[in-house]
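# Reading the structure
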Amino acid sequence: MSLVDESFELKELQVLEGHADRVWSVAWKPATGFDGVPAVLASCSGDKTVRVWEQSPSSGSFQCKAVLEETHTRTVRSCAWSPSGKLLATASFDATTAVWEHVGDDYECVSTLEGHENEVKSISWNASGSLLATCGRDKSVWIWEVLPGNEFECVSVLQGHTQDVKMVQWHPNMDILFSCSYDNTIKVWAEDGDDDWHCVQTLAEANNGHTSTVWALSFNATGDKMATCSDDLTLKIWGSDLLTIQSGNGSAPWKHICTLSGYHDRTIFSVHWSREGIIASGAADDAIRLFAEDGDG
Amino acid sequence: MTLGLINANPVVHAKKKRVARPLDDPHADDAVDPLEIYDYVRDIRDPEHPYSLEQLSVLSEESITVDEKLGRILITFTPTIQHCSMATVIGLCLREKLKDCFPAHFKVDIKVAPGSHADEEAVNKQLNDKERVAAALENPNLRQLVTECLYSSEL
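Predicted, not measured: the structure shown is a model, and the values here were computed from it. (Residues numbered from 1 in each chain as written. Chains lettered and ligands numbered in written order. Predicted model: local features only at pLDDT ≥ 70, side-chain atom pairs only at ≥ 80, totals over all residues. Heavy atoms only, no water.)

Take the nonpolar core next. In terms of nonpolar packing, the biggest core is built from 35 residues, with B:I73, B:I75, B:F77 and B:L94 touching the most fellow members. Contributions of two or more residues to this core are made by α1 (34-41), β2 (72-77), α2 (87-98), β3 (107-112), α3 (120-127), α4 (130-138) and α5 (140-151) of chain B. Of all the elements, α2(B) adds the most residues to this core, at seven residues. Ignoring anything within four residues of it in the chain, the contact list for B:I73 reads B:V32, B:I37, B:I64, B:T65, B:V66, B:F102, B:F106, B:K107, B:V108 and B:D109. Counting 15 residues, the second-largest nonpolar core is a separate cluster that includes A:V40, A:A42, A:L88 and A:W100. (Core = buried A, V, L, I, M, F, W, Y, C linked by side-chain atoms within 4.5 Å. Buried < 20%, exposed > 50% of the residue type's maximum accessible area, 1.4 Å probe, protein only. Helix = DSSP H or I, 4+ residues; strand = E, 2+ residues; numbered from the N terminus. Contact = heavy atoms within 4.5 Å.)

This is the structure in structure tokens:
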């Protein structure tokens with residue numbers, strides 16, 4: 001992997017002001033931002049609210065269209081749109097996950113998921129939108145089934161991590177769940193048949209894994225590679241056999257491919273693999289870095 | 001009266017003489033001065049005892065190191081005993097007190113002095129996890145304790 005710094009340039013388009021406290025997370029609404037549909041973005045904050053921003057087709061600038069408030073009683077840590085864009089789930093330090101629906105000009109909280117013992121840190125919808133996963137400081141990962149009428153039912157509470165779980169992320173095409181934690185590991189969870197979920201793999205230090213908190217993970221478009229980032233100042237790339245994953249036949253083990261170190265000198269909090277194959281990382285050294293695979297792979 | 005305190009008999013030191021900074025100090029505004037930072041934190045009250053962190057030698061002038069070039073500040077504190085369960089509270093107090101004290105690009109690391117605590121690594125990891133610190137400061141009980149330590153400065 002090499003840092004291709006000639007062809008890519010990040011240009012700041014706009015600064016969105018409105019939140020009264022730290023903004024923890026943002027999420028682009030699916031199926032917006034192209035084909036004439038204005039781009040929509042959700043942001044969540046320490047001010048306990050979520051804001052929805054929409055790009056104006058004429059001026060190109062983003063305006064705040066809605067403020068989702070008076071629901072969470074503590075920091076809203078992350079937000080995620082359902083694949084259809086119809087629902088927005090928000091995870092909060094108040095130990096709940098709220099699900100919102102766009103109703104007319106506003107957003108209405110249609111469901112509140114309770115169960116975590118303390119701060120919920122991340123949410124992820126599976127590819128079909130039929131399942132929702134949450135995780136938190138109570139070390140557990142919860143899987144919820146999405147039922148008609150905006151009902152949610154908990155189908156499994158996954159124990160296994162020995163510390164605070166920072167993020168959960170569903171595989172882009174299969175119902176396989178990944179979680180990463182303050183315990184320095186990444187866990188892979190799969191279903192055995194009837195709602196019987198269990199951990200099928202743990203990527204730890206011994207497997208060329210991270211040596212400190214793993215903050216985030218992201219898949220490439222095809223779903224056979226994954227990038228992770230950590231407090232250990234590195235990014236790691238992992239791979240698995242695509243055909244084995246897709247066959248749904250038992251576990252397709254993930255293996256360490258390479259480690260990117262020396263690019264950030266403070267905790268790397270976030271990583272994302274774009275559809276075009278660019279990996280973006282954001283760290284506490286106030287830098288965003290973009291990585292692309294060089295010709296030799 | 002001292003029932004239940006983890007360290008019932010802390011060693012208390014006299015407060016060090018404070019040097020008044022001259023009003024026409026040319027460097028008053030530019031640099032991030034370790035002594036200035038120390039001034040902000042020396043009087044923080046210990047969570048368990050009615051003494052300041054300076055009086056209990058939890059903090060001293062040498063506790064603060066600043067790397068101007070890299071924009072880093074390191075604060076090292078020494079809990080009064082090896083199994084001090086208040087170590088994370090002291091760390092939170094330091095973070096909260098220093099929150100708005102210097103230019104935004106400065107990064108602050110807070111650690112216990114090497115060898116001074118039985119769970120050194122675990123304490124340091126928590127104190128430097130931005131998300132854990134933010135969540136802890138939202139916890140009403142912890143918030144209350146931190147506020148008491150920061151604002152009871154009738155010492």
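Next comes the rest of the account.
To continue, consider empty space enclosed by the protein. Residue and element names in this part refer to chain B. Scanning all chains against the criterion turns up one cavity of 30 Å³ or more. Empty space within the largest cavity amounts to approximately 70 Å³. If you trace the largest cavity, you find eleven residues lining it, with D46, E48, T80, C84 and M86 closest to the centre. (1 Å grid on protein atoms, 1.4 Å probe; cavity = no way out; pocket = protein on both sides within 12 Å on 5 of 7 lines; lining within 4 Å. Points joined across faces, edges and corners; volume = space filled by probe spheres on them.)

Residues and elements named next belong to chain A. Strand order in the open sheet formed by four strands is β1-β2-β3-β4, and the pairing between neighbours is antiparallel. A single partner strand is all that each edge strand has here, and the edge strands are β1 (23-28) and β4 (62-68). The mean inter-strand angle of the sheet, taken between neighbouring strand axes irrespective of direction, is 25°. Here strand β2 (residues 40-45) pairs with strand β3 (residues 50-55) via five bridges, running antiparallel. Bridging from a neighbouring strand, A42 pairs with V52 of β3. (Pairing = 2+ DSSP bridges. Axes fitted to C-alpha atoms, helices over the stretch in contact; angles between N-to-C directions.)

This brings us to the UniProt feature "repeat: WD" (unreviewed entry) in chain A. Residue and element names in this part refer to chain A. The feature "repeat: WD" (unreviewed entry), as given by UniProt, occupies residues 16-54, 69-101, 113-146, 158-189 and 207-238 in the numbering adopted here. Along residues 158-189, the helical share is 0% and the strand share 50%, with 9 Å between the first and last C-alpha atoms. Secondary structure across residues 207-238 comprises 0% helix and 50% strand; the distance between its end C-alpha atoms is 11 Å. (UniProt positions renumbered as here; feature names shortened; annotations may be inferred.)

Next up on the list: the interface of chain A and chain B. Opposite the 22 residues of chain A that make contact, chain B presents 16 residues. Taken over both partners, the interface formed by chain A and chain B buries close to 1600 Å², and the fraction arising from carbon and sulfur atoms is 43%. In this assembly, chain A and chain B are joined by nine salt bridges. We note a salt bridge from B:D129 to A:K166, for which the minimum N-O separation is 3.0 Å. The interface formed by chain A and chain B holds 16 residue pairs in polar contact (both at pLDDT 80 or more) in total. (Buried area = accessible area lost by both parts, 1.4 Å probe. Salt bridge = Lys/Arg side-chain N within 4 Å of Asp/Glu carboxyl O. Polar contact = N/O pair within 3.5 Å; in protein donor to acceptor, adjacent residues only side chain to side chain.)

Residues A:E153, A:D175, A:E191, A:D192, A:D194, A:D195 and A:D196 make up a contiguous surface patch of negative charge. Considering the arrangement of structural elements, one finds A:D194 in the loop between β15 (186-191) and β16 (197-203). (Patch = residues over 30% accessible without salt bridge, like charges linked within 9 Å, V, L, I, M, F, W, Y side chains within 5 Å. Areas by Shrake-Rupley, 256 points an atom, 1.4 Å probe, with all protein chains shown as cover. Lys, Arg positive; Asp, Glu negative; His and termini not counted. Charge placed at Lys NZ, Arg CZ, Asp CG, Glu CD.)

Okay, the environment of A:S56 next. Residues and elements named next belong to chain A. Tracing the backbone shows S56 in the loop between β3 and β4. Apart from residues lying up to four places away in sequence, S56 is in contact with S61 and Q63. Within the local environment of S56, its side chain forms a polar contact with the side chain of S58, the two groups lying 3.1 Å apart.

Our focus in this paragraph is the pattern of salt bridges. By the definition in use, this model includes 17 salt bridges over all chains. Among the ionic pairs, A:D164 bridges to A:K166, the shortest N-O distance being 2.7 Å. The pair A:D164 / A:K166 is uniform in exposure class, with both members buried. For the salt bridge of B:K107 with A:D286, the shortest nitrogen-to-oxygen distance reads 2.6 Å. Remark: A:D286 occurs in the loop between β22 (279-283) and β23 (288-291) and B:K107 occurs in strand β3; the pair is interchain, linking two chains. Residue classification places B:K107 among the buried residues on the basis of a relative accessible area of 17%. Connected through shared salt-bridge partners, A:R77, A:K121, A:D164, A:K166, B:D129, B:E131 and B:R132 make up one network.

Residues and elements named next belong to chain B. At a minimum axis separation of 10 Å, α1 and α2 run at an interaxial angle of 115°. In this structure, α1 crosses over α2, and the sense of that crossing is right-handed. Counted together, I37, Y40 and V41 of α1 and L94, K97 and L98 of α2 form the full contact between these two elements. Class assignment of the residues belonging to the contact of α1 with α2 gives a composition of five nonpolar, no polar and one charged. (Left-handed = near helix turned anticlockwise from the far one by under 90°. Nonpolar A, V, L, I, M, F, W, Y, C, P; charged D, E, K, R; others polar.)

It is worth spelling out α4(B) at this point. All names here are of chain B. Across the nine residues of α4, seven count as buried, placing the element largely inside the fold. Buried within α4 we find E131, R132, V133, A134, A135, A136 and L137. The N-cap residue of α4 is D129: its side-chain oxygen and the backbone nitrogen of E131 are 3.0 Å apart.

Quick look at α5(B) now. Residue and element names in this part refer to chain B. In this model, α5 (twelve residues) spans 16 Å end to end at C-alpha, consistent with the 16 Å of a helix rising 1.5 Å per residue. Along α5, the positions that sit buried rather than exposed are V146, C149 and L150. Seen along its axis, α5 keeps its buried residues to an arc of 95°; they face one direction. The exposed residues of α5 that point more than 90 degrees off its buried face are P140, N141 and Y151. Where α5 starts, the residue carrying a side-chain oxygen 2.9 Å from the main-chain nitrogen of N141 turns out to be N139. (Expected span 1.5 Å × (residues − 1). Arc of directions from axis to C-beta.)

Let's shift gears to the sheet that holds strand β18 (residues 225-230) of chain A. All names here are of chain A. The strand order across the open sheet formed by four strands is β17-β18-β19-β20, and the pairing between neighbours is antiparallel. The strands lining the two open edges of the sheet, one partner per strand, are β17 (214-219) and β20 (255-260). The sheet shows a mean angle of 25° between the axes of neighbouring strands, direction not considered. By the bridge criterion, five bridges tie β18 to strand β19 (residues 235-239) in an arrangement that is antiparallel. Bridged to T228 within β19 is K236.

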